Amino acid sequence: MAVNMQQSFSIYPFDPPGDVAALRAEVRAFLAAHEPKLGVPNCWVVGDPEFSSALGAAGFLGMILPKTVGGHERHPLERYVVIEELLAAGAPVGAHWIADRQTAPLILRYGSEEAKTRYLPGICKGQLYTCIGLSEPGAGSDLAAVRTTARYTLDGWRISGQKIWTSGAHMSHVMLALVRSEEGSERNAGLSQFLIPMDAPGITIRPIIDMGGDHHFNEVFFDDVLLPEWAMVGARGQGWAQATAELALERSGPERYLSSHVLMTALIDAAGPDPDLQIKGLIGELTAELWTLRQMSLSTAAKLAAGEDPMVEASMVKDLGNSFEQALPQRVQALVDCPSTRDDDLARLMRALLIAAPSFSLRGGTREIIRGIIARGLGLR
Ligand SMILES: Cc1cc2nc3c(=O)[nH]c(=O)nc-3n(C[C@H](O)[C@H](O)[C@H](O)COP(=O)(O)OP(=O)(O)OC[C@H]3O[C@@H](n4cnc5c(N)ncnc54)[C@H](O)[C@@H]3O)c2cc1C
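Report follows, based on the coordinates. (Residues numbered from 1 in each chain as written. Predicted model: local features only at pLDDT ≥ 70, side-chain atom pairs only at ≥ 80, totals over all residues. Heavy atoms only, no water.)

Structural notes on the overall build of the protein chain
Defined as follows: Numbered from the N terminus, helices here are DSSP runs of H or I no shorter than four residues, and strands are runs of E no shorter than two. What the globule rule says is 2.2 Å times the number of residues to the power 0.38, and the radius of gyration is computed from C-alpha atoms. Per-residue accessibility, obtained with a 1.4 Å probe over protein chains only, is compared with the maximum for each type, and a residue is labelled buried under 20%, exposed over 50%, and partly exposed between these values. Contacts are assigned to residue pairs that have any heavy atoms within 4.5 Å of one another. Method for areas: the Shrake-Rupley scheme with a 1.4 Å probe, in which residue coverage is limited to the protein chains shown. Counting rule applied: Lys, Arg positive; Asp, Glu negative; His and chain ends not counted. All charge positions are set by atom: Lys at NZ, Arg at CZ, Asp at CG, Glu at CD.
The secondary structure content of the protein chain amounts to 11 helices and eight strands. The C-alpha radius of gyration of the protein chain comes to 21 Å, within 12% of the 21 Å expected for a compact globule of 381 residues. The principal-axis extents of the C-alpha atoms in the protein chain amount to approximately 75 × 60 × 45 Å. Among the 381 residues that make up the protein chain, the fraction classed as buried is 51%. For the protein chain, contacts bridging at least 24 residues in sequence account for 72% of all contacts bridging at least 6. Here the protein chain has roughly 17,300 Å² of accessible surface; of this, 55% comes from carbon and sulfur atoms. Taken as two groups, the 34 positive and 44 negative side-chain charges of the protein chain have centres that lie 3 Å from each other.

Details of the nonpolar core
Defined as follows: To qualify as a nonpolar core, a set must consist of buried Ala, Val, Leu, Ile, Met, Phe, Trp, Tyr and Cys residues joined through side-chain atoms within 4.5 Å.
In terms of nonpolar packing, the biggest core is built from 52 residues, with Phe51, Leu86, Val93, Leu267 and Val332 touching the most fellow members. When residues of this core are assigned to their parent elements, the largest contribution, nine residues, is made by helix α8 (residues 277-305). The contacts of valine 332, once residues within four sequence positions are left out, are Leu263, Leu267, Leu282, Leu346 and Met350. If you look at the next biggest cluster of nonpolar residues, it comprises 19 residues, including Cys131, Ala150, Trp157 and Val225.

Topic: helix α2 (residues 49-57)
Going by this rule: To be clear, the arc concerns the directions from the helix axis to the C-beta atoms.
Of the residues making up α2, those classed as buried are Phe51, Ser52, Leu55 and Gly56. Summarising the axial view, the buried residues of α2 lie within an arc of 140 degrees, below the 170-degree limit, and thus occupy one face. Opposite the buried face of α2, by more than 90 degrees, sit the exposed residues Glu50 and Ala57. Among the structural elements, α1 (20-32), α3 (76-88) and α5 (113-124) are those in contact with the buried residues of α2. Phi for glycine 59, located one or two positions after α2, is positive at around 85 degrees.

Let's talk about the side chain of threonine 130
The following threshold applies: Between N or O atoms, a polar contact is any pair within 3.5 Å; within protein, one atom must be a potential hydrogen donor and the other a potential acceptor, and residues adjacent in sequence are included only when both atoms are from side chains.
With respect to the secondary-structure elements, threonine 130 resides in strand β1 (residues 130-133). Within polar-contact distance, the side chain of threonine 130 engages the backbone nitrogen of alanine 99 at 3.2 Å. At 2.6 Å, the side chain of threonine 130 forms a polar contact with the side chain of threonine 103. Here threonine 130 is in contact with Ile98, Ala99, Thr103, Ile123, Ser172 and Val174, once residues within four sequence places are set aside.

Some remarks on the site of the ligand
To be explicit about the condition: The rule for a residue being near a molecule or strand is that one of its heavy atoms must lie within 4 Å of it.
Looking at the ligand, there are 15 residues lining it, with Ile132, Ser135, Ser141, Trp165 and Ser167 nearest. Interatomic distance of 3.0 Å between a backbone N/O atom of leucine 134 and an oxygen atom of the ligand. Contact between the ligand and tryptophan 165: a nitrogen atom at 3.0 Å from a main-chain N or O atom of the residue. Contact with the protein chains hides 62% of the accessible area of the ligand, taken as 980 Å² for the molecule alone.

Some words on the packing of helix α7 (residues 261-271) against helix α10 (residues 345-356)
Helices that pack against each other are described as a pair by the angle of their axes relative to one another and the distance between those axes. Under the convention used in this document: The convention used is that axes are lines fitted to C-alpha atoms, helices contributing only their stretch in contact, and that angles between N-to-C directions extend from 0 to 180 degrees. The cut-offs work like this: below 35 degrees is roughly parallel, past 145 is roughly antiparallel, 65 to 115 is roughly perpendicular, and the gaps in between are oblique. Should the near helix be turned counterclockwise from the far one by less than a right angle, the crossing is left-handed, whereas a clockwise turn marks it as right-handed. Gly is put with the polar residues, along with every residue not named as nonpolar or charged; the nonpolar set is Ala, Val, Leu, Ile, Met, Phe, Trp, Tyr, Cys and Pro, and the charged set is Asp, Glu, Lys and Arg.
At their nearest, the axes of α7 and α10 sit 9 Å apart, and the two run at 155 degrees to each other. One finds that α7 runs roughly antiparallel with respect to α10. At the point where α7 passes α10, the crossing takes the left-handed sense. Facing α7, whose interface residues are Val262, Leu263, Ala266, Leu267 and Ala270, α10 presents Leu346, Leu349, Met350 and Leu353. Looking at the contact of α7 with α10, its residues break down into nine nonpolar, no polar and no charged.

Overview of the pairing of strand β6 (residues 203-209)
Quick reminder of the rule: Any two strands are treated as partners once DSSP identifies two or more bridges connecting them.
Here β6 pairs with strand β7 (residues 215-227) via seven bridges, running antiparallel. Counted as the bridge partner of threonine 204 is phenylalanine 221 from β7. Counting the residues in the hairpin turn of β6 and β7 gives five residues, including glycine 213, whose phi is positive at 85 degrees.

By themselves, these figures tell us nothing about what the structure is for.
Below, the structure written as structure tokens:
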């Protein structure tokens, strides 16, 4: 069968309004004032409430939200410039990351007036954090298998069930959860999204310690948790469409290829002005790949900002970006001798990232699922 391979990754111009150079300088000045906190590997899962608060006070959070809720009404591409600078510097942005990236735009679009008033100002200040309640035991890649239920009662909604792998649940104020609100419904029908305050009676949070010994994610249990009606986000039973739209936003940002970036800068610093030929070659290769990924990500951001739906492009950025950031520590390790006794920046970052990197292609949708989306988008399946 002949396959139509005419589709290509068209590059859109990345053209934020205003003085981008001045904006970058502003972020860099902010970062310089917080120097000791920078250089964190995989920095968008590392939370530092003090840093998030300072970032909010400087006007770098809620950038695309209306001023009426504490936002700054900037352009989405100006926001992109800011997060690119933060990630490249390895800033500890994990506390507010999910709230600023996806919960706030979702609440703005689908949330009740009560939810907007209650949550958006705190997100803009960098003081209110959220987590994503999608995965469950038995519902990871296959989210249509979600079984946590929301039962409608005279008092409000009653939530029962369990979520797993919930990043940052232990430091979040609210979870945005996908749950089954229609009894007896199956697959992707009958699901709704709810905002669940993490201090509500009936919630238990248990830590899951990762391979590196760190506590980023958790199991969360709901035992008949009572929620008011306004906690539902969007229309009853429309949770699937809303959650998948949110995933598209999550997949093409610079966080998909910059998780190991601080190791690349450490390699360049350690190599000095006259590196040996092999190191020079590796730096050249990494730079070329990074540059290409950056152009693809910038272009996808520009398409999103123009109101298009670049699902295939976003998935390509995620898959290629994850492959790059996942392989980077191994590619450095192949050329740099790093015994466990060595404790400079390069060795420390390499060890941390070698352990963290296997998860990069899992979070936000595993590689096989992403490649399935790309194949469908290209008409190959
Ligand atoms: C660091 C990290 C942070 C995370 N944070 C969150 C979070 O905050 N909130 C949240 O809800 N979840 C979170 N997750 C969960 C993550 O999104 C899921 O782990 C992921 O979607 C895979 O689900 P699973 O682990 O149940 O694997 P499974 O669904 O059991 O899949 C296991 C493997 O089987 C293969 N596979 C499965 N289905 C298919 C298919 N249809 N076609 C081809 N191959 C397939 C894939 O190789 C897949 O990797 C996080 C995960 C990680 C690693």
